[in-house]
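# Observations on the model geometry
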Amino acid sequence: MTASDRQPTAPDWVRRPANLASAVTAELVDRVVRGVHPPGTSLPAEPVLCERFAVSRTVVREAVKLLQAKGLVQVRQGAGTVVNPASMWNMLDELVLAAVIAEDETSAVLDDLVVTRRLLESDMAQVAARTAGPEVVARLGELVDLMDELVDDPDAYREQDLAFHDTIMQVSGNRLARGVVRALESQVVNTARYVGPGERALCVASNQGHRRVYERIAAGDADGAGKAMFDHITEAWLARRPASAGDAGRLER
């Protein structure tokens, strides 16, 4: 068989998931976030993108629509598809947030995530202290006791940690705040920079914070529960935050 008889190697896009528009979108999100296409510049023209990704015009147009929905670009008459400044990006979008976190070397985005999470969860803990019935209080107590037994098993501990926080969020009744926290956490729950090392001492300290939250909720102390949650989330993050991540001033209380 001669070189001319061989079938050309299929581009990566052919071997990607069936939804090519989603695959192209993911790649373009990554390129925008990495600065390959800086804010204020235009994406390559449609024919160029078609050739680069080995896809049809229909696929490229659908990908551009998805980028617009994520706030990354806008189509301007005579200027093509222009990249928006980062301030316009939808940071709650799964692809955008994942790409920004992957590109961030200072942990500033993770700091912002923690600040957002503690504000929402502190408020939900206050509400939970007012509304939690005996069954919820008992459940929280069981989770705290169970986590004391799991401090040598970081993976199992983390699972119950999530259950503890989610129980409080659910009893607060604030579905929107819970949805935001869960969406944010889903992007970082398996990220080593966010989860930190699986050290026994970190689990022990973290569960001391859980116990203070539980005790304030059990006592019906709304202000105390909110403060306990605020302190717990702050202290737990500072304990596992990468030492080389730069200034953590935004976490000041």
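Each remark here, short or long, concerns the structure printed above.
First things first, this report covers the structure right here in the doc.

Reading the values: the criteria
Residues numbered from 1 in each chain as written. Predicted model: local features only at pLDDT ≥ 70, side-chain atom pairs only at ≥ 80, totals over all residues. Heavy atoms only, no water. Core = buried A, V, L, I, M, F, W, Y, C linked by side-chain atoms within 4.5 Å. Buried < 20%, exposed > 50% of the residue type's maximum accessible area, 1.4 Å probe, protein only. Helix = DSSP H or I, 4+ residues; strand = E, 2+ residues; numbered from the N terminus. Contact = heavy atoms within 4.5 Å. Arc of directions from axis to C-beta. Salt bridge = Lys/Arg side-chain N within 4 Å of Asp/Glu carboxyl O. Axes fitted to C-alpha atoms, helices over the stretch in contact; angles between N-to-C directions. Parallel < 35°, antiparallel > 145°, perpendicular 65-115°, else oblique. Left-handed = near helix turned anticlockwise from the far one by under 90°. Nonpolar A, V, L, I, M, F, W, Y, C, P; charged D, E, K, R; others polar. Phe/Tyr/Trp six-rings, centres within 6.5 Å; stacked < 30°, edge-to-face > 60°. Lys NZ or Arg CZ within 6 Å of the ring centre and 35° of its normal. Pairing = 2+ DSSP bridges. 1 Å grid on protein atoms, 1.4 Å probe; cavity = no way out; pocket = protein on both sides within 12 Å on 5 of 7 lines; lining within 4 Å. Points joined across faces, edges and corners; volume = space filled by probe spheres on them.

### Some words on the nonpolar core
Leu 72, Phe 164, Ile 168 and Ile 217 are the most contacted members of the largest nonpolar core, which totals 57 residues. The biggest single contributor to this core is helix H6 (residues 108–131), with seven residues. Each residue touching Ile 168, except ones within four places of it in the same chain, is listed here: Met 124, Ala 125, Ala 128, Leu 140, Val 213, Ile 217 and Met 229.

### A word on helix H3 (residues 46–53)
Listed in full, the buried residues belonging to H3 are Leu 49, Cys 50 and Phe 53. Along the axis of H3, the buried positions cluster into a sector of 105°, meaning they face one direction only. The positive-phi residue at the C-terminal boundary of H3 is Ala 54, with phi of around 55°.

### Comments concerning the pattern of salt bridges
Scanning all chains against the criterion turns up 17 salt bridges. Here Asp 30 and Arg 34 are joined by a salt bridge, their closest N and O atoms 2.7 Å apart. You can see Asp 30 and its partner Arg 34 sitting in helix H2 (residues 20–34), four residues apart, about one turn around the helix. Classification of Asp 30 by relative accessible area gives partly exposed; the value is 29%. The exposure class assigned to Arg 34 is partly exposed, which follows from its relative accessible area of 41%. Here Asp 111 ties to Arg 241 by a salt bridge, and the two come within 2.7 Å at their closest N and O atoms. On the criterion of sequence distance, the pair formed by Asp 111 in helix H6 and Arg 241 in the segment after helix H12 (222–240) is long-range, its members being 130 residues apart. Where salt bridges share partners, they join Glu 46, Arg 57 and Arg 61 into one cluster.

### Comments concerning the packing of helix H5 (residues 94–103) against helix H9 (residues 175–188)
Packing of H5 against H9 leaves a shortest axis separation of 10 Å and a crossing angle of 45°. As summarised for this structure, H5 and H9 are arranged oblique, according to the angle between their axes. As H5 packs across H9, the resulting crossing turns out to be right-handed. Across from Glu 94, Leu 97, Ala 98 and Ile 101 in H5, the residues of H9 making contact are Leu 184, Gln 187 and Val 188. Considering only residue class, the contact of H5 with H9 consists of five nonpolar, one polar and one charged.

### A word on the packing of helix H7 (residues 134–149) against helix H8 (residues 154–172)
Each pair of packed helices gets described by two things: the angle between the helix axes and the distance between those axes. Close contact between H7 and H8 brings their axes to 9 Å; oriented N to C, the two are set at 160°. One finds that H7 runs roughly antiparallel with respect to H8. Handedness of the H7/H8 crossing: left-handed. Judged by residue contacts, Val 136, Arg 139, Leu 140, Leu 143, Val 144, Leu 146 and Met 147 of H7 engage Tyr 157, Gln 160, Asp 161, Ala 163, Phe 164, Thr 167, Ile 168 and Val 171 from H8.

### Some points on unusual backbone geometry
Although it is not a glycine, Ala 54 adopts a positive phi angle of roughly 55°. For Ala 54, the position within the fold is in the loop between H3 and helix H4 (57–69). Judged by relative accessible area, Ala 54 falls into the partly exposed class, the value being 43%. Despite not being glycine, Ser 107 shows a phi value in the positive range, around 70°. Position of Ser 107 relative to the elements: it lies in the loop between H5 and H6.

### Overview of the packing of aromatic side chains
Across all of its chains, the model carries one aromatic pair by this definition. For Arg 240, the ring lying beneath its charged end belongs to Tyr 194, and the centroid distance is 4.7 Å.

### A word on the pairing of strand E1 (residues 73–76)
Of the pairings in the sheet, the one linking E1 to strand E2 (residues 80–83) comprises four bridges and is antiparallel in character. In the sheet register, Gln 74 faces E2, and the bridge partner there is Val 82. Between the antiparallel neighbours E1 and E2 lie three residues, among them Gly 78 with a positive phi of about 85°.

### Brief notes about the layout of surface pockets
Reported here for the largest pocket is a volume of approximately 670 Å³. Lining the largest pocket are 31 residues, with Arg 117, Arg 158, Asp 161, Ser 206 and Arg 240 positioned closest to its centre. Of all elements in the fold, only H6, H8, H9, helix H10 (192–195), helix H11 (200–218) and H12 reach the threshold of two or more residues within the lining of the largest pocket. Here the lining of the largest pocket gets eight residues from one element, more than from any other, and that element is H8. Taken together, the residues of the lining of the largest pocket break down into 15 nonpolar, six polar and 10 charged.

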